[in-house]
Amino acid sequence: MNVRESGRIKWGRAAAALRARPLMDRELPAFETGAAPERPGELFVDWLERAGQADVLDAGAVVLSTVDTDGVPDARVVALRDVELGGGGWVFATDAESPKGTHLGERPVAAMTFYWPAQGRQVRVRGAVEPAPASVSAAEFLARSPASRVASLVGRQSERLDSWAEYDEAARAAEEQLAANADAVPPGHTVYVLWADEVEFWQGARDRRHVRLRYTRALGPDETWTRSLLWP
Ligand SMILES: Cc1cc2nc3c(=O)[nH]c(=O)nc-3n(C[C@H](O)[C@H](O)[C@H](O)COP(=O)(O)O)c2cc1C
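Quick look at the structure, then. (Residues numbered from 1 in each chain as written. Predicted model: local features only at pLDDT ≥ 70, side-chain atom pairs only at ≥ 80, totals over all residues. Heavy atoms only, no water.)

Our focus in this paragraph is the site of the ligand. Taken together, the neighbourhood of the ligand is formed by Arg76, Val77, Val78, Ala79, Arg81, Ala93, Thr94, Ser98, Pro99, Lys100, Gln157 and Ser158. One of the backbone nitrogen or oxygen atoms of alanine 93 is found 3.1 Å away from a nitrogen atom of the ligand. Separating an oxygen atom of the ligand from a side-chain N or O atom of lysine 100 is a distance of 2.6 Å. Looking at the shell around the ligand, the elements with two or more residues in it are strand S2 (73–84), strand S3 (89–95) and helix H3 (99–106). It is S2 that contributes the most residues to the shell around the ligand, five residues altogether. Of the residues belonging to the shell around the ligand, the class tally is five nonpolar, four polar and three charged. (Near = heavy atom within 4 Å. Polar contact = N/O pair within 3.5 Å; in protein donor to acceptor, adjacent residues only side chain to side chain. Helix = DSSP H or I, 4+ residues; strand = E, 2+ residues; numbered from the N terminus. Nonpolar A, V, L, I, M, F, W, Y, C, P; charged D, E, K, R; others polar.)

The following block contains the structure:
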């Protein structure tokens, strides 16, 4: 759809395909909000484990949204690395020199959106983003598989690729670098923590009576959260 001509939408093949397969048209789990724990991290880990039990593929893949210097949002999938239960932090890793890393350097805020279709569950996390100390980033990198380390050592994420020959040469150089120094860490490799201010748990329902529970971090030195239900 071209937004500049949105008054002239002609519903097309995509609309027909989408209408033929309505979303969440199946039995979905109940969400007993009265039994929800005091902190969102605990509920998140509970839901994550249940997603695994329900065979949700790639339950740890999450859409990370950032904002560029012009205020224009951008989003892409990253891998969730951990949830810091002590302080309510959602952990991911990327290259600080990538577009998203640049966004985070300039505007250190982000949102994460999980969707686990087998259960019709969405989790939304918003807050400030902080890079972890270099030692934490290095340790996280060194725990990765050799293939993952080579891919990161190649670097230049999201730059224009002019030819695969250029990439293959960079990958060979990265392999040689790793063979010569097993502790090599790309300079930009960074673990980030999204310190949640708000976390929403959304349980879809076939009859559209979706159940939504939002945790909001209370101001103060201790980690305390208020919980509220939201209209679907
Ligand atoms: C399942 C999945 C997991 C991914 N995990 C990561 C990740 O952990 N870190 C990362 O930098 N990119 C990851 N990516 C690639 C990003 O989606 C993206 O292509 C890349 O980071 C460049 O994004 P940027 O140009 O916005 O910086 C993943 C992609 C998918 C589909």
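Right, picking up where we left off after that structure.
Our focus in this paragraph is the nonpolar core. Membership of the largest hydrophobic core comes to 31 residues, with the highest contact counts inside it found for Trp90, Met112 and Phe114. The set of elements that each furnish at least two residues to this core consists of helix H2 (40–53), strand S1 (61–67), S2, S3, strand S4 (109–116), strand S5 (121–131), strand S6 (189–203) and strand S7 (211–217). Element by element, the count of residues in this core is highest for S6, at five residues. Methionine 112 has contacts with Val62, Val63, Leu64, Leu80, Trp90, Phe92, Val123, Arg124, Val125 and Leu194, leaving out every residue within four places of it along the chain. Membership of the second largest hydrophobic core comes to eight residues, among which are Phe141, Val150, Val154 and Ala184. (Core = buried A, V, L, I, M, F, W, Y, C linked by side-chain atoms within 4.5 Å. Buried < 20%, exposed > 50% of the residue type's maximum accessible area, 1.4 Å probe, protein only. Contact = heavy atoms within 4.5 Å.)

Attention now moves to the layout of surface pockets. The computed volume of the largest pocket comes to approximately 330 Å³. Mapped onto the lining of the largest pocket, the elements with two or more residues apiece are S2, S3 and helix H5 (146–154). Among the residues making up the lining of the largest pocket, the classes are represented as five nonpolar, six polar and four charged. Roughly 210 Å³ of volume is contained in the second largest pocket. In this structure, the second largest pocket is lined by Val154, Gly155, Arg156, Gln157, Glu159, Arg160, Leu161, Asp162, Trp164, Glu166, Tyr167 and Ala170. (1 Å grid on protein atoms, 1.4 Å probe; cavity = no way out; pocket = protein on both sides within 12 Å on 5 of 7 lines; lining within 4 Å. Points joined across faces, edges and corners; volume = space filled by probe spheres on them.)

One can describe the packing of H5 onto helix H6 (residues 164–180) by two numbers: an axis separation of 8 Å at closest approach and a directional angle of 120°. Classed by the angle they form, the pair H5 and H6 counts as oblique. Of the two elements, H5 crosses H6, and the hand of that crossing is right-handed. Contacts between H5 and H6 involve Pro146, Arg149, Val150, Leu153 and Val154 on the former and, on the latter, Tyr167, Ala170, Ala171, Ala174, Glu175, Gln177 and Leu178. Its residues assigned to classes, the contact of H5 with H6 shows nine nonpolar, one polar and two charged. (Axes fitted to C-alpha atoms, helices over the stretch in contact; angles between N-to-C directions. Parallel < 35°, antiparallel > 145°, perpendicular 65-115°, else oblique. Left-handed = near helix turned anticlockwise from the far one by under 90°.)

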